[in-house]
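Here is what each chain is made of, one letter per residue.
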Amino acid sequence: MEPVVHLRDAVALLGRFPALAGIDLDVARGEIVLLRGPNGAGKTTVLRVCAGLVPVVRGQAVVLGHDLRHDARAVRRRVGMLGHATGLFDDLTVADNVTFWGRAHRAERGDVEAALGLVGLAGRLRGVPVARLSAGQRRRTSLACLLVRRPELWLLDEPHAGLDHEARDLLDRLVRQAVGQGATVVISSHELDRAEALADRVVTIDGGVTGGAEPAPRHAAGIERDVAADATPGVAPEVTHVA
Amino acid sequence: MWRDASLVAGRDLRIEARSRVALQQVAPFALLVLILFAFALDPEGPLLERATPGLYWVTVLFSAVLAVARSAAVDEADGVRDALRLSGLDPAGMFVGKALAVAAELAVLEVLLGAGVVVLYGADPAAVGLLAATCVAATVAVASTGTLYGALVSGLRVRETLLPLLLLPVLAPVLIGGTRAFEAALDGSPADGWSWCGLLAAFAVLYSAAGALAYGTLLEGS
């Protein structure tokens, strides 16, 4: 099967600076891949390349079947990115923000309500301007904006940062549910314990090049995700030991 | 395109309604400029009456710079530009939506300023048809040009100071056309003013088309 993400010797520039100097990365459909590496290694740039936001100047870059060097716009509608920036309008309410981004993606009103409910913002907070929210609540709102567009490829840049324990669990559960429903996920994170528990595979990036790939510790220990449980909304993810 | 334009225009107008920047900052600024002109030019003398059309449009253009800067700032917020690029919204629709929102704000402002020049400067609005047509053409021209230049300077650290430096010279034909058309209308000889109104309409069409075509490229480059 064709990988959802296929980068081969991909080079990308930020200004004149080579942010990626030759990245190799393949991500299969339904896989959760963790990008690991020190600050400035190029993890965020890899995610932005996969989203079609940073152009590849050399090498191969195919995402969701589209060559990013010629057809980046076709990819963008099908990916969802949760990054350091929230992408929210401070003067609008939580519901207004999710509705705007939902309508931009042709979502129905029911999809907006469902997304707000999934992240725990369907109650009083839905009518509160984003400017008055805490950092964690803003992050939840961004997550709702991502959910409402139902992306095929989730690109999560430090997704656990700024979230309390409950919200982190919620995020992990939503990621597993999305994967259970056919989505693919690439995560960049420094919170390795939590991210490795979520991932199928860990790819190390350093100095803008791929250092190596290995199964996530969970897989190395013979533990696999229970996809059926993950696919059921509201059901806490379970793990199953395989013989 | 029109669906996306409606979505973006609705968002920008909702943000203005919630933030009240146009109501609490731009409108008072515009009225203050009118009052200062009245202080500077003897309100009892003929100079103020002769200068009324020019002062009106200078005030509109100064206020438009504020409105355009505010409109551009909405899309400069935390990660919004990337989110817009990922949204798949039609760039031409985004441009039209933003320009429509700015035009709506300017239209309200122009009515307010119109009342201001009648009360403060004693202007007598005779040829209402020409005045209205001039306002519509000039408003579209200013809104489309402003939205285009707002996108051009977005992402630059000096965008607040660069925007008026780039925008005001480009809008000189609007100032001239609007002033001449208003002079004709206030003098009671509207036939002389329609050609200027036509110039404004041509300017509006030109910059609306240029903006719709270029907005996507500007969004990518910023």
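The sections below set out a description of the structure shown in this document. (Residues numbered from 1 in each chain as written. Chains lettered and ligands numbered in written order. Predicted model: local features only at pLDDT ≥ 70, side-chain atom pairs only at ≥ 80, totals over all residues.)

A few points about the overall build of chain B
Just so we agree on the cut-off: Think of it this way: any DSSP run of H or I at least four residues long counts as a helix, any run of E at least two long counts as a strand, and we number them from the N terminus. Radius of gyration: over C-alpha atoms. The globule rule applied is 2.2 Å multiplied by the number of residues raised to the 0.38 power. Once C-beta atoms are placed from the backbone, each residue is buried if 20 or more other C-beta atoms lie within 10 Å of its own, exposed if 12 or fewer, and partly exposed for counts between those two. Residues are treated as contacting if the C-beta atoms built from their backbones sit within 7 Å of each other.
Check the secondary structure of chain B and you find 9 helices and 0 strands. Reading chain B from its N terminus to its C terminus gives the helix and strand order α-α-α-α-α-α-α-α-α. Scaling as 2.2 N^0.38, a compact globule of 222 residues should have a C-alpha radius of gyration of about 17 Å, and chain B matches this with 18 Å. Counting only C-alpha atoms, chain B reaches 55 × 30 × 25 Å along its principal axes. Each of the 222 residues in chain B was classed as buried or not, and the buried ones make up 49%. In chain B, once contacts between residues fewer than 6 apart in sequence are set aside, the share between residues at least 24 apart is 84%.

Here we look at the interface of chain A and chain B
Listed as interface residues are 22 residues of chain A and, on the opposing side, 18 residues of chain B. Within the residue set of the side of chain A that touches chain B, elements represented by two or more residues are β6 (79-82) and α3 (94-104) of chain A. When residues of the side of chain A that touches chain B are assigned to their parent elements, the largest contribution, 5 residues, is made by α3(A).

Thoughts on the packing of helix α8 (residues 172-187) of chain B against helix α9 (residues 194-221) of chain B
All names here are of chain B. Which entries qualify depends on this criterion: Inter-axis angles, ranging from 0 to 180 degrees, are taken between N-to-C directions of lines fitted to C-alpha atoms, where helices are fitted over the stretch in contact. For classification purposes, an angle smaller than 35 degrees is called roughly parallel, one larger than 145 roughly antiparallel, one from 65 to 115 roughly perpendicular, and anything else oblique. With the far helix as reference, a near helix turned anticlockwise by less than a right angle produces a left-handed crossing, and one turned clockwise produces a right-handed crossing. All amino acids are sorted into three groups, where Ala, Val, Leu, Ile, Met, Phe, Trp, Tyr, Cys and Pro are nonpolar, Asp, Glu, Lys and Arg are charged, and the leftover types, Gly among them, are polar.
Following both chains from N to C, one finds α8 and α9 inclined at 150°, their axes separated by 8 Å at the closest point. By the criterion of interaxial angle, the relationship of α8 to α9 is roughly antiparallel. Note that α8 runs across α9; the crossing there is left-handed. Facing α8, whose interface residues are Pro173, Val174, Gly177, Gly178, Arg180 and Ala181, α9 presents Trp196, Cys197, Leu199, Leu200 and Phe203. Residues that form the contact of α8 with α9 fall into these classes: 8 nonpolar, 2 polar and 1 charged.

Focus: helix α5 (residues 91-121) of chain B
Every α-helical turn comprises 3.6 residues, leaving residues that sit three or four positions apart pointing alike. The following threshold applies: Between the first and last residue of a helix there are one fewer steps than residues, each counted as 1.5 Å, and that sum is the expected span.
Spanning 31 residues, α5(B) covers 42 Å between terminal C-alpha atoms, matching the ideal 45 Å at 1.5 Å per step. B:Gly122 sits one or two residues past α5(B) and shows a positive phi near 70°.

What to know about helix α2 (residues 68-76) of chain A
This is how it is decided: As used here, the arc is the angular range of directions from the helix axis to the C-beta atoms.
Of all the residues in α2(A), the buried ones are A:Leu68, A:Ala72, A:Val75 and A:Arg76. Projected onto a plane normal to the axis of α2(A), the buried residues spread over an arc of 80° and lie on a single side. Buried residues along α2(A) sit in contact with α1 (43-50), β4 (56-63), β5 (66-67) and β6 of chain A together with α4 (80-87) of chain B.

Considerations on the packing of α3(A) against helix α4 (residues 109-118) of chain A
All names here are of chain A. The interhelical angle for the contact between α3 and α4, taken along N-to-C directions, is 130°, at an axis separation of 10 Å. With respect to each other, α3 and α4 are oriented oblique. Viewed along their axes, α3 and α4 form a crossing whose handedness is right-handed. Along the contact surface, α3 presents Ala95, Val98, Thr99 and Gly102, while α4 presents Asp111, Val112, Ala115 and Leu116.

Section: unusual backbone geometry
All names here are of chain A. Positive phi, close to 50°, is recorded for Leu64, a residue that is not glycine. Tracing the sequence through the fold places Leu64 in the loop between β4 and β5. For Leu64, a count of 23 C-beta atoms within 10 Å corresponds to the buried category.

Concerning the environment of A:Leu88
Structurally, A:Leu88 can be placed in the loop between β6 and α3. Discounting chain neighbours no more than four positions away, the residues touching A:Leu88 are A:Asn97, A:Val130, A:Arg138, A:Thr141, A:Ser142 and B:Asp78.

What to know about the environment of A:Arg124
Position of A:Arg124 relative to the elements: it lies in the loop between α4 and α5 (135-148). In this structure, the C-alpha to C-alpha distance between A:Arg124 and A:Val148, residues 24 residues apart in sequence, is 19 Å.

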